[in-house]
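So the chains spell out like this:
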Amino acid sequence: MRNPLYSAYERRLVGQLDADSVPRHVGMIVDGNRRFAKARGGNADDGHRAGAANVGSFLEWCEEAGVEVVTLWLLSTDNLTRPPQELDKLLRIIEGLVADLAAAGRWQLHAAGALDMLPVQTAAALRRAEEETSEVEGLIVNVAVGYGGRQEIADAVRSLLRARAAEGATLEEVAGELTVEDISAHLYTKGQPDPDLVIRTSGEQRLSGFLLWQSAHSEYYFCEVYWPEFRRVDFLRALRAYAGRHRRFGA
């Protein structure tokens, strides 16, 4: 049974928001799974499973608030160097999560990461989820697996150069004509609005390379709770903080 005071506080937070101050795109750095598990005497995969179990609820909260795009950072390129035993279990958990999200038929999933750096099985699971949800008109969810901000920019530049070379352009011509928009058009999130709000759980106050290019003008919100414990009230507080700054500076 829910605490009535908690429910009342949630309603109060909702009442402080309005449609004009809701971010279109929210980036979420889901951090603290392992520390959550360790504090309870569990192991890393216990924490990752608990974190995966919270994703669906978070996406529902985003839908209710009117958010249009979410980018979930589930695994960085740096994480690929973790011990094989832990990494293999984490990848299986991510594959299961992505399959469940796709099966819900509620969200349009996009893989955001260097898929060629991932095991074949994981990359295939991400591509399959994209295909299965390509016609869904709901919330757009970028699943960032094998993601690194510098890697994304390098991949975007490579993609741009290959595209221009296929058109017959010389390197000198590309260099002379290159614009910010050209690179943006080759990012993992191409065609989407940049994130208005980036949230990180676990108390860490750093970006770790998340959406380096896209977050140039983003607001940041750092939350003390570990990701598996992140509640709707925590999300609403982040939206309230964003809305306050949005109104104050007339963004």
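On a predicted model such as this, the values are computed, not experimentally measured, just so you know.

Trainee: Can you walk me through the domain arrangement of the protein chain in this structure?
Mentor: Bring the parts together and some accessible area is lost; that lost area is often taken as the interface size. The domain architecture assigned to the protein chain consists of domain 1 (23-147 + 194-250) and domain 2 (150-187). Inter-centroid distance (C-alpha atoms) of domain 1 to domain 2 is 28 Å. Between domain 1 and domain 2, the buried area comes to about 680 Å², and carbon and sulfur atoms account for 70% of it. On the domain 1 side of the contact with domain 2, Leu212, Trp213 and Gln214 bury the most area, a combined 68% of that side's loss. The interface formed by domain 1 and domain 2 contains 3 residue pairs in polar contact (both at pLDDT 80 or more). Tallied by class, the residues present in the side of domain 1 that touches domain 2 amount to 6 nonpolar, 2 polar and no charged.

Trainee: Help me understand the UniProt feature "active site" (unreviewed entry) in the protein chain in this model?
Mentor: Per the UniProt annotation, the sites labelled "active site" (unreviewed entry) are Asp31 and Asn79. Their sequence span is 49 residues, while the largest C-alpha to C-alpha distance among them is just 12.1 Å; these annotated residues converge on one region. Filtering the just-named annotated residues for those lining the largest pocket gives Asp31 and Asn79. On the secondary structure map, Asp31 appears in the loop between β1 (25-29) and α2 (33-39). For Asp31, the contacting residues outside a window of four places in its chain are Arg200, Thr201, Ser202, Glu204, Tyr226 and Trp227. Residue placement: Asn79 occurs in the loop between β2 (69-76) and α4 (84-103).

Parameters at a glance
Residues numbered from 1 in each chain as written. Predicted model: local features only at pLDDT ≥ 70, side-chain atom pairs only at ≥ 80, totals over all residues. Heavy atoms only, no water. Domains from an automatic or database assignment. Buried area = accessible area lost by both parts, 1.4 Å probe. Polar contact = N/O pair within 3.5 Å; in protein donor to acceptor, adjacent residues only side chain to side chain. Nonpolar A, V, L, I, M, F, W, Y, C, P; charged D, E, K, R; others polar. UniProt positions renumbered as here; feature names shortened; annotations may be inferred. 1 Å grid on protein atoms, 1.4 Å probe; cavity = no way out; pocket = protein on both sides within 12 Å on 5 of 7 lines; lining within 4 Å. Helix = DSSP H or I, 4+ residues; strand = E, 2+ residues; numbered from the N terminus. Contact = heavy atoms within 4.5 Å.

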